[in-house]
Amino acid sequence: MSVPQYRKVAALTLAAGLGLSPAACSTKSDDSGAAGGKVTITVDCQPVGAQKELLKNWNDDVAAFQQQNPDIVVRSVSVGEQCNNPPDFTARLAGGTVTDVFYGYMTDLAQVLDSGQAMDITDYVGKDTIPTWDSVDPALKEVFTDGGKLYGVPVKNYSMGLVYNRALFQRAGLDPATPPKTWPEVRAAAKKISALGGGIAGYSEYSAGNTGGWHFTSLLYSQGGQVLTADGRKADINNPAGKQVLQNLRDMRYGDDSMGSRQLLQWGDLLTNAGAGKVGMFIGAPDATQAIVTQFQGRYQDWAMGPLPGQDGKALATLGGGEGYFFKKGLSPEQVRAGLKWIAYQKLTPGKGQFDYVRAKPQNYPVGLPQPLLFAAGSDAQKQEQELRKANANVDTANFAVFEANPVPIKGEPRNAQAIYAVLDAAMSGVLTNPDANIDALLSTAEGKINQLLAADS
């Protein structure tokens, strides 16, 4: 998950698109997907109404795409929580209410296949449907592949680092150009920042809504640990690496009182505090700064990013992930091709859709962040995207220079990630809400529950 990009918390659900009525935006399409000689597809995760500029951009993109492809009709559907909340996504899968082309995390392939909702799109993907397909990072394609068959198209990729508030660093006497490199350094910096008072948390952390488990995983990777054994059959968290993760948090929370009194934070909670200037540091992907500004009234100039810290030196690994689009089983070949062309236009073409930096720059939408990392280094699309990004940057790229110059090996999310994250939330919330919490017991309990999940899934 970034901010997976993590499914961002949305306040509203909107069923609208290009003046279509709610009925027109139903998640059901007709049997043929054709009307009046045109191919019709429903696509979800249209921006919600509160994101007015993003919604307008999406609708403008749909209009431009349909003008270029007059035989295709795109019916946009904003399903709110499906694109923000893993349990709701699972419920939509189980209920068969997903759209023709539907959004999912990179960790969702297994449950999508288990639901019977996914269509094999292997034979439909190529330069005729996605002109930049050869430039897409092969590792990302592999994430959506099972048994040699492709079931989804990647549209965003990220890796985690340390996001920090430059303004608070300066106020606390810290050097904004030199972020902490180790967890002891994070602890020392958090203590100085929290000493500023005014309800400022030196370091903030998630512990609810699957986000706590998501961050536990990245923190564990920084220690050189892994959530599951190499064969993926057992949990591997009740060990020195897992204990160090929780010990670090307990030391900051109760030893230093540098994490604030309010806990059980989810995605929007933490970023609301960050936008208000009440958070010194947290771990996240580059687009966390985008959300802080566009959704939570923060300022770009206040935020910077460094690599994920390690315990005694460089982090041994960091969590990487992202999202993509799947295709609902039973679509006609024409619908699949139409869906792929739309994804190509909106998500995988430099200068268009999410890469329309000329449009984004005056809208105060960030240009210059080192994300999304979709195209392989040195590929034609990567070069085009990078040139456009540099030419239209509206954020100070120097604030991300330390992050980019010190890459940490990326480790993917574990299988059954969302269910595992839900279990690990309890370990995170336990150590952050109870000063007497037994770390060994928290990890032992979590390990047992994860093993039960894995056994049931085998």
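See the structure printed just above.
Criteria and thresholds
Residues numbered from 1 in each chain as written. Predicted model: local features only at pLDDT ≥ 70, side-chain atom pairs only at ≥ 80, totals over all residues. Heavy atoms only, no water. Salt bridge = Lys/Arg side-chain N within 4 Å of Asp/Glu carboxyl O. Helix = DSSP H or I, 4+ residues; strand = E, 2+ residues; numbered from the N terminus. Buried < 20%, exposed > 50% of the residue type's maximum accessible area, 1.4 Å probe, protein only. Phe/Tyr/Trp six-rings, centres within 6.5 Å; stacked < 30°, edge-to-face > 60°. Lys NZ or Arg CZ within 6 Å of the ring centre and 35° of its normal. Core = buried A, V, L, I, M, F, W, Y, C linked by side-chain atoms within 4.5 Å. Contact = heavy atoms within 4.5 Å.

This paragraph deals with the pattern of salt bridges. If you walk through the whole model with that rule in mind, you get ten salt bridges. Notably, a salt bridge pairs Asp60 with Lys56, separated by 2.8 Å at the nearest N-O pair. Of this pair, Asp60 and Lys56 both sit in helix H1 (residues 52–68), four residues apart, roughly one helical turn. In this structure Lys56 comes out as exposed when scored by relative accessible area, which is 52%. In this structure, Asp302 engages Arg299 in a salt bridge whose closest nitrogen and oxygen atoms are separated by 2.9 Å. Among the charged side chains, a network of salt bridges with common partners joins Asp61, Asp356 and Arg359.

It is worth spelling out the packing of aromatic side chains at this point. In this description, a pair of aromatic rings is defined by centroid distance and the angle of the planes. In this structure the tally under the stated criterion is 15 aromatic pairs. Measuring from centroid to centroid gives 6.5 Å for Tyr103 and Tyr105, while their planes differ by 70°, and the two rings are edge-to-face. Taken as a pair, Tyr103 and Tyr105 share a single burial class, namely buried. In textbook terms, an aromatic cluster arises when at least three aromatic residues are bridged by ring pairs, as seen for Trp58, Phe65, Trp342 and Tyr345. We note Lys411 situated over the ring of Tyr221; from NZ or CZ to the ring centre the distance is 5.5 Å.

Tyr203, Leu246, Met281 and Phe282 are the most contacted members of the largest nonpolar core, which has 76 residues in total. Per-element accounting of this core gives the leading share, nine residues, to helix H15 (residues 417–433). Ignoring anything within four residues of it in the chain, the contact list for Phe282 reads Gly161, Leu162, Val163, Tyr203, Ser204, Leu270, Leu271, Ala274, Ala288, Ile292 and Trp303.

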